[in-house]
Amino acid sequence: MLWTHLLMAGTILLSALLGTGLRADSAFDRVENREGFVAQITGRELTYPGIRLQVSDAGRIDGRAFGRQVTGDWRWQDGYFCRTMFWGRKELAYNCQLVEKGAGALRFTSDRGTGDSAVLRLR
């Protein structure tokens, strides 16, 4: 029973990371291009409780979320961060996300900025 609740909580938070979570409002500025995005992620890790990800300038996503491996690829397309991703064996649908930067964090908003958002700390 506890494991089921933890897995459900993990799924919800991972969904937030991947762009299907709650909107987080604050002072953020749009990241306009790939160079601006790479400048934010280089040498840093994206974190949220239970989530630690490295997003490389070479287009890779690697890390862990709630005890499962996360892998994927990304590219910058038409002003959006577009990614494919696996959480363990579960494939998460391709999605292009609006990226905004704030104080020590990035906000990702799914569906080209029209969906839900997740804020990840830069460490």
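Analysis parameters
Residues numbered from 1 in each chain as written. Predicted model: local features only at pLDDT ≥ 70, side-chain atom pairs only at ≥ 80, totals over all residues. Heavy atoms only, no water. Buried < 20%, exposed > 50% of the residue type's maximum accessible area, 1.4 Å probe, protein only. pLDDT = per-residue confidence, 0-100. Contact = heavy atoms within 4.5 Å. Core = buried A, V, L, I, M, F, W, Y, C linked by side-chain atoms within 4.5 Å. Helix = DSSP H or I, 4+ residues; strand = E, 2+ residues; numbered from the N terminus. Phe/Tyr/Trp six-rings, centres within 6.5 Å; stacked < 30°, edge-to-face > 60°. Lys NZ or Arg CZ within 6 Å of the ring centre and 35° of its normal.

Describing unusual backbone geometry
- Despite not being glycine, Phe-66 has its phi angle at roughly 50°, a positive value.
- We classify Phe-66 as partly exposed; its relative accessible area is 25%.

Thoughts on the confidence of the model for the protein
- Averaged over every residue, the pLDDT of the protein is 86; residues scoring 70 or more account for 79%.
- Contacts of residues 1–13 to residues separated by more than four positions or lying in other chains number 9 contacts, the stretch itself having pLDDT below 50.
- For residues 19–24, every residue scores under 50 in pLDDT, and the model assigns this stretch 18 contacts once sequence neighbours within four places are set aside.

Here's the deal with the nonpolar core
- Core analysis: the biggest nonpolar cluster contains 22 residues, and Phe-37, Trp-74 and Phe-81 have the highest contact counts within it.
- Of all the secondary structure elements, the ones that give two or more residues to this core are α2 (34–41), β3 (51–55), β4 (60–65), β5 (68–77), β6 (80–87), β7 (90–102), β8 (105–109) and β9 (117–122).
- Those residues in contact with Phe-81, other than ones at most four positions away along the chain, are Phe-37, Val-55, Ile-61, Trp-74, Arg-75, Trp-76, Asn-95, Cys-96, Gln-97, Val-99 and Phe-108.

Structural notes on the packing of aromatic side chains
- Applying the stated criterion across every chain yields a total of 6 aromatic pairs.
- A centroid spacing of 5.4 Å and a plane angle of 65° characterise the contact between Phe-81 and Phe-108, whose relative ring orientation is edge-to-face. Placement of the pair is Phe-81 in strand β6 and Phe-108 in strand β8, with a sequence separation of 27 residues.
- A relative accessible area of 3% places Phe-108 in the buried class.
- Of the aromatic side chains, those joined through ring pairs into one cluster are Phe-37, Trp-74, Trp-76, Phe-81 and Phe-108.
- If you follow Arg-30 out to its NZ or CZ, it ends over the ring of Tyr-80, 4.9 Å from the centre.
- Positioned above the aromatic ring of Trp-87, the side-chain terminus of Arg-68 is 4.4 Å from the ring centre.

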